[in-house]
Amino acid sequence: MRDGHEGDVFADGSDGDEREEALSAQERTFAALPPAHGRGFAASWWGMAWLKALEDTALDGRQLKEGRRFAREGLVGAVSVRPGRITAVVRERDGSTYRSDVLLQELDEQDWDRFLDMAVERAGHIAALLDREMPPHLVEDAAAAGMDLLPGIGDLDPECTCEAWDHCPHTAALCYQVARLLDQDPFVLMLMRGRGERRLLDELQERIAALAGEPGAASEPEARAASREVPGVPAAQAYAAAGILPALPPPPELPDAPGPAPSLDTETGPEPGVDPTALELLARDGAARAHRMLADALAPGHEHRPPAADLTARQDAVRLAAEAHPEPWIVQRLATGSGRPRAGLPAAVAAWQFGGAAALAVLDEDRVPDAALLARARTRLAEAWEEDEAPRLRAERNRWTSVDGGLQLRYGPDGRWYPYRKENGQWFPAGPADDDPAAAWAEAGGL
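Reading guide: rules and limits
Residues numbered from 1 in each chain as written. Predicted model: local features only at pLDDT ≥ 70, side-chain atom pairs only at ≥ 80, totals over all residues. Heavy atoms only, no water. Axes fitted to C-alpha atoms, helices over the stretch in contact; angles between N-to-C directions. Helix = DSSP H or I, 4+ residues; strand = E, 2+ residues; numbered from the N terminus. Parallel < 35°, antiparallel > 145°, perpendicular 65-115°, else oblique. Left-handed = near helix turned anticlockwise from the far one by under 90°. Contact = heavy atoms within 4.5 Å. Nonpolar A, V, L, I, M, F, W, Y, C, P; charged D, E, K, R; others polar. pLDDT = per-residue confidence, 0-100. Buried < 20%, exposed > 50% of the residue type's maximum accessible area, 1.4 Å probe, protein only. Patch = residues over 30% accessible without salt bridge, like charges linked within 9 Å, V, L, I, M, F, W, Y side chains within 5 Å. Areas by Shrake-Rupley, 256 points an atom, 1.4 Å probe, with all protein chains shown as cover. Salt bridge = Lys/Arg side-chain N within 4 Å of Asp/Glu carboxyl O. Lys, Arg positive; Asp, Glu negative; His and termini not counted. Charge placed at Lys NZ, Arg CZ, Asp CG, Glu CD. Expected span 1.5 Å × (residues − 1). Arc of directions from axis to C-beta. Pairing = 2+ DSSP bridges.

(A) Examining the packing of helix α2 (residues 45–57) against helix α7 (residues 169–184) more closely. Taken N-terminus to C-terminus, the directions of α2 and α7 make an angle of 165°; their axes are 8 Å apart at the nearest point. The orientation of α2 with respect to α7, classified from their angle, is roughly antiparallel. As for how α2 packs across α7, the hand of that crossing is right-handed. Facing W46, G47, W50, L51, L54 and E55 of α2, the residues of α7 in contact are A172, C175, Y176, V178, A179, L182 and D183. Here the contact of α2 with α7 is composed, by residue class, of 10 nonpolar, one polar and two charged.

Pasting the structure below:
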């Protein structure tokens, strides 16, 4: 864990002087940071993991508290970071100064080989690091490859000229200050573990180039595309890191209305096959849907409601016709997309407005209910009216039609009754569904 001395020979065959020269080439020095009044030392989850390793290791909470105060007041000087060691001079309020070092075990060559192989296979890891991010799945994948990037309990080994044997206020202040550096650049942690940014990226580039020369390797455009792909974090990993992740921000406020869609009426003509009017409609619809989704997410009890089922292309064409108020020529295209003639679209739009996808399914489906469902429907109909008040209905499959042929009830798969009225020879939804067939009948226009 300690640096080598002159005359020592290391596992890689270098002597102490050679090692000092190699370490010096990778050293980075960061200017003293300003005081940190009114802010935390870490906002990133990896910065907080660094502080957790410190706070779980230190035996004296008072020393840590004093160290936080030193760091917060800007008493930590320039910080030097090199493989296996961070160093700074820490000043006390009386002007006395102490050289403080914190040592962290370097990863060996085999560890780095495993890390580089893993990173090359998962291009998103490289892209995340280049964006100065350290996603939890990178740390998880590294751990699965047998190497711990983040320090754990006991991994931060203190040395200070104040000669304390445990973390003193000076080494604690240094660690708190380094957490701020880690927030800005996770490559600082990589350097402490033994690889500077330039060397790490060069070695990754060598491996990528070697892979590109192998049969079946990805083409250069494919490799560039893969390097930009940053996969999401699985929920299980996020929950596993809950103890070190920062608290989520408060939910956003719901805007009064959706944002306006951009206007595509410009002096430059559209590309062939691109319809600006249709694009503007889709943009307005996207904004309206986003506003509704946010309102639903912010509503009480949202977490207990199951997510809505995805719409088919035919259902979504009806939804667009019902909600987006399209131009007449777009309505014709939506009718085609919904699988209906132009004259059949208004009934579908009305069904959607009354009950969404469920009501649309009742409009389209002419089904025979199973025996138990049919028996339950008949029982509910018999109970809905007094015997001398019940309308005369003809039953056919899931539909009960008045004897004069003008009104109809449809029994939906959700156990609700959907009122219909015949208009110009076509059955048309007459209102929202109801659990009570008598109420639905009244909605349709029956007495």
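(B) Local environment of the confidence of the model for the chain. Averaged over every residue, the pLDDT of the chain is 81; residues scoring 70 or more account for 84%. The lowest-confidence element of the chain is helix α10 (residues 220–228), averaging 45 in pLDDT; the highest-confidence one is strand β4 (residues 97–103), averaging 95. The low-confidence segment residues 1–14 (pLDDT under 50) makes 24 contacts with residues lying over four places distant or belonging to another chain. In the model, residues 216–230 has pLDDT below 50 throughout and makes 12 contacts with residues more than four positions away in sequence or in other chains.

(C) Structural view of unusual backbone geometry. A positive phi angle, close to 65°, is found at E163, a residue other than glycine. Considering the arrangement of structural elements, one finds E163 in the loop between β5 (157–160) and α7. The exposure class assigned to E163 is exposed, which follows from its relative accessible area of 71%.

(D) Inspection of a negative patch on the surface at higher detail. Taken together, the side chains of E386, E387, D388 and E389 define an acidic patch exposed on the protein surface. Structurally, the position occupied by E386 is in the loop between α16 (371–384) and β6 (393–396).

(E) Structural context of α16. Its 14 residues place the ends of α16 20 Å apart at the C-alpha level, agreeing with the 20 Å of an ideal helix rising 1.5 Å per residue. Every buried residue belonging to α16 is among L373, A377 and L381, and all of these are buried. Down the axis of α16, the sector holding all buried residues measures 75°, keeping them to one side. Exposed positions of α16 whose direction lies more than 90 degrees from the buried face are A371, A372, A382 and E383. In this fold, the buried residues of α16 make contact with β6, β7 (399–402), β8 (407–411), β9 (417–423) and α17 (437–444).

(F) How the structure looks around the sheet that holds β7. Spatial ordering of the open sheet is given by β6-β7-β8-β9-β10, a layout of five strands whose pairing is antiparallel. For this open sheet the edge positions go to β6 and β10 (426–429), each flanked by a neighbour on one side alone. With direction set aside, neighbouring strand axes in the sheet form an average angle of 30°. Relative to β10, β9 runs antiparallel, the two sharing four bridges. Bridge pairing links R421 to F428 in β10. Running at roughly 135° to β8, α16 makes contact with β6, β7, β8 and β9 of the sheet. Against the sheet, α17 engages β6, β7, β8 and β9, with an angle of about 25° to β9.

(G) Fine view of the pairing of β4. Summarising the sheet, strand β3 (residues 85–91) and β4 pair through seven bridges and their orientation is antiparallel. Bridged to V89 within β4 is R99. Linking β3 back to β4 in an antiparallel pair, the connection comprises five residues, with G95 at a positive phi of about 95°. One ladder, built from four bridges, connects β4 with β5; its direction is antiparallel. Across the sheet, the residue bridging to D101 is E159, located in β5.

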